[in-house]
Amino acid sequence: MFDLKKKAWPLVWIGFLFAAVEVISLFVSDRFVGSSRSFAEMAAMIVYLFNPEHYAASEFFQEYEAQVTWSAMVALGIILGSFVSAVRAGKFRFQALPEMWKDSKGNSVQKRLFWVFISGVLMAISIRIVSGCTLSMIGWTMAMTPAGWLFMGSLWMGGILTTFLFYNRGLLARPRR
Amino acid sequence: MTYLTSIGNRFAEILQSSFDSSVLTVMGSQSLIAGLLIGFLLGVVLSKGAMDRYETVSGMFRLQNWTFIRVGMWLFFFGMPLVFFAQKTQMIGSVPLPDFKPLALIIAGYLFGTSMALSGYCPGIGLAALGRGSIDVLVLFGGLVFGNLIFAEYIYGSDFMSLLNSINLGKLTFSKLFGLGYISSWFELPVIAGFGVMFAMMIFAMTLIDGFIKSLSKRVS
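Keep in mind that what you see is a predicted model, and the values were worked out from it rather than measured.

Draft legend 1. Structural context of the overall build of chain B. A tally of helices and strands in chain B yields 10 helices and 0 strands. Starting at the N terminus and walking to the C terminus, you meet the elements of chain B as α-α-α-α-α-α-α-α-α-α. The dimensions of chain B, computed from C-alpha atoms along their principal axes, are 75 × 55 × 40 Å. Each of the 221 residues in chain B was classed as buried or not, and the buried ones make up 48%. The contacts in chain B between residues at least 6 apart in sequence include a share of 54% that link residues at least 24 apart. Here chain B contributes 13 positive and 10 negative side-chain charges, whose respective centroids are spaced 15 Å apart.

Encoded structure:
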């Protein structure tokens, strides 16, 4: 039924399986799935390696320790799962420029990497403010809290406005299979 | 040379404290094995749901791609009652709830959406994209680590954060919002039912629209 060789599964199954993975995560590890903490921990590792005095003195790194934890393993697991799925379906491909990006912003790899970097910096700051990203937001919503919806609404506002400003005339995407 | 040795020592320390026997269990909130398996399952789901690429995220913000909406409707339609009843039947322990800090949520959400629009990734989607071969995600990781360093240095514990955290309504749920949740969490059930009806209506509407578009394309071709 769940054939890994298929490129895509019907979205109703995806929705159900996603919910099932969240429940499995709650059952096994008493927490919703999330991996954004692993990047704070990676930052902690870098500071610990090169400036241990600063690491010891910082309150932030008391909360986010320089360790490989559950979050980091989830992150590794996502990469592996996606990799296995992509290879089985024959859609693994090295690329740095998504097709839709090329339509809107051109073929410059440097431009793409520059904006991806900026995106990462802003993303990390926003994640740390609420200790959560989209996966956490899904968890909050499933737990029947208004926090998930408030975050989702603000996310949409920021995303849509930025998209309109950033892509300007290159907004309309060419339909693709 | 001693500088390099000391770095090497600290690296070994990190590995030793990370791979302690207490986390090499199969279950538990710190279990490394559990994390890996759960992540693997999620990676497959994200991959098969096309939630591992720029097109899905940016397409959503351009109002041209509805994958996340479609998946989300089913995800919450199944997930909300699943989580509630799993907790009620004691299959799972208490569900971790966030603090409801509206200022922080709005500012962080807006900034997060902005960042998603620029790259078409979020951490989870980015990881799935990396598994698919999108190596620009490695630069995203660099940005994420750098951003965490900036947060640690300049934003954590600052007056700005105190301002954002100033309004904190605690572990709010919908039933508590309506006041009844403080009596019993069973009052969550009508809220879940309400959401379920809303999602069912959206799913029904999208199915009708899909059918209509299919019939249009049949007429044209």
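Draft legend 2. Inspection of the interface of chain B and chain A at higher detail. Facing 121 residues of chain B, the contacting portion of chain A comprises 126 residues. Here chain B meets chain A over a buried area of about 11400 Å², counting both sides, of which 77% is carbon and sulfur. For chain B, the biggest contributors to the area lost against chain A are Lys48(B), Arg62(B) and Leu118(B); these three give 7% of the whole. Across the contact surface, chain B and chain A share 2 salt bridges. Two residues, Lys91(A) and Asp52(B), come together in a salt bridge whose shortest N-O distance is 3.8 Å. On inspection of chain B and its partner chain A, the count reaches 35 residue pairs in polar contact (both at pLDDT 80 or more).

Draft legend 3. Focus on the environment of Phe100(B). Here Phe100(B) is to be found in the loop between helix 4 (67–88) and helix 5 (102–119). With a relative accessible area of 11%, Phe100(B) lands in the buried category. In this structure the C-alpha to C-alpha distance between Phe100(B) and Ala128(B), which are 28 residues apart in sequence, comes to 29 Å. Filtering out sequence-adjacent residues up to four positions away, Phe100(B) remains in contact with Pro146(A), Ala147(A), Leu150(A), Leu105(B), Ile167(B), Asn168(B), Leu169(B), Gly170(B) and Leu172(B).

Draft legend 4. The arrangement of the packing of aromatic side chains in detail. Scanning the entire structure with this criterion turns up 32 aromatic pairs over all chains. On the numbers, 6.5 Å between centres and 80° between planes, the contact of Trp156(A) with Phe61(B) is edge-to-face. Note that Trp156(A) is positioned in helix 9 (residues 146–167) and Phe61(B) in helix 3 (residues 54–61), a pairing that runs across two chains. With relative accessibility at 22%, the residue Trp156(A) sits in the partly exposed group. One aromatic cluster is present, built from ring pairs that chain together Tyr48(A), Tyr55(A), Phe60(A), Phe61(A), Tyr64(A), Phe151(B) and Tyr156(B). When the ring centre of Phe166(A) is taken as reference, the NZ or CZ atom of Lys105(A) above it lies at 3.9 Å. Lying over the aromatic face of Tyr167(A), Arg62(B) brings its terminal NZ or CZ to 4.3 Å of the ring centre.

Draft legend 5. Up close: the packing of helix 1 (residues 11–29) of chain A against helix 2 (residues 32–48) of chain B. Contact geometry for helix 1 of chain A and helix 2 of chain B: axes closest at 10 Å, N-to-C directions at 170°. Regarding the angle of helix 1 of chain A to helix 2 of chain B, the classification is roughly antiparallel. Residues Ile14(A), Leu17(A), Phe18(A), Val21(A), Ile24(A), Ser25(A), Val28(A) and Ser29(A) of helix 1 of chain A lie in contact with helix 2 of chain B, whose contacting residues are Ala34(B), Ile38(B), Leu41(B), Leu42(B), Val45(B), Leu46(B) and Lys48(B). The residue makeup of the contact of helix 1 of chain A with helix 2 of chain B, split by class, is 12 nonpolar, 2 polar and 1 charged.

Draft legend 6. Up close: the nonpolar core. Counting residues in each nonpolar core, the largest one holds 105 residues, and the members touching the most others are Phe18(A), Ile129(A), Phe151(A) and Phe112(B). The greatest single-element share of this core, amounting to 9 residues, is contributed by helix 4 of chain B. Setting aside anything within four residues of it in sequence, one finds Phe151(A) in contact with Val130(A), Gly132(A), Cys133(A), Met137(A), Trp140(A), Leu105(B), Ala108(B), Gly109(B) and Phe112(B). Judged by nonpolar contacts, the second largest core, of 8 residues, contains Leu97(A), Met100(A), Phe166(A) and Tyr167(A).

Quick notes on the rules
- Residues numbered from 1 in each chain as written.
- Chains lettered and ligands numbered in written order.
- Predicted model: local features only at pLDDT ≥ 70, side-chain atom pairs only at ≥ 80, totals over all residues.
- Heavy atoms only, no water.
- Helix = DSSP H or I, 4+ residues; strand = E, 2+ residues; numbered from the N terminus.
- Buried < 20%, exposed > 50% of the residue type's maximum accessible area, 1.4 Å probe, protein only.
- Contact = heavy atoms within 4.5 Å.
- Lys, Arg positive; Asp, Glu negative; His and termini not counted.
- Charge placed at Lys NZ, Arg CZ, Asp CG, Glu CD.
- Buried area = accessible area lost by both parts, 1.4 Å probe.
- Salt bridge = Lys/Arg side-chain N within 4 Å of Asp/Glu carboxyl O.
- Polar contact = N/O pair within 3.5 Å; in protein donor to acceptor, adjacent residues only side chain to side chain.
- Phe/Tyr/Trp six-rings, centres within 6.5 Å; stacked < 30°, edge-to-face > 60°.
- Lys NZ or Arg CZ within 6 Å of the ring centre and 35° of its normal.
- Axes fitted to C-alpha atoms, helices over the stretch in contact; angles between N-to-C directions.
- Parallel < 35°, antiparallel > 145°, perpendicular 65-115°, else oblique.
- Nonpolar A, V, L, I, M, F, W, Y, C, P; charged D, E, K, R; others polar.
- Core = buried A, V, L, I, M, F, W, Y, C linked by side-chain atoms within 4.5 Å.

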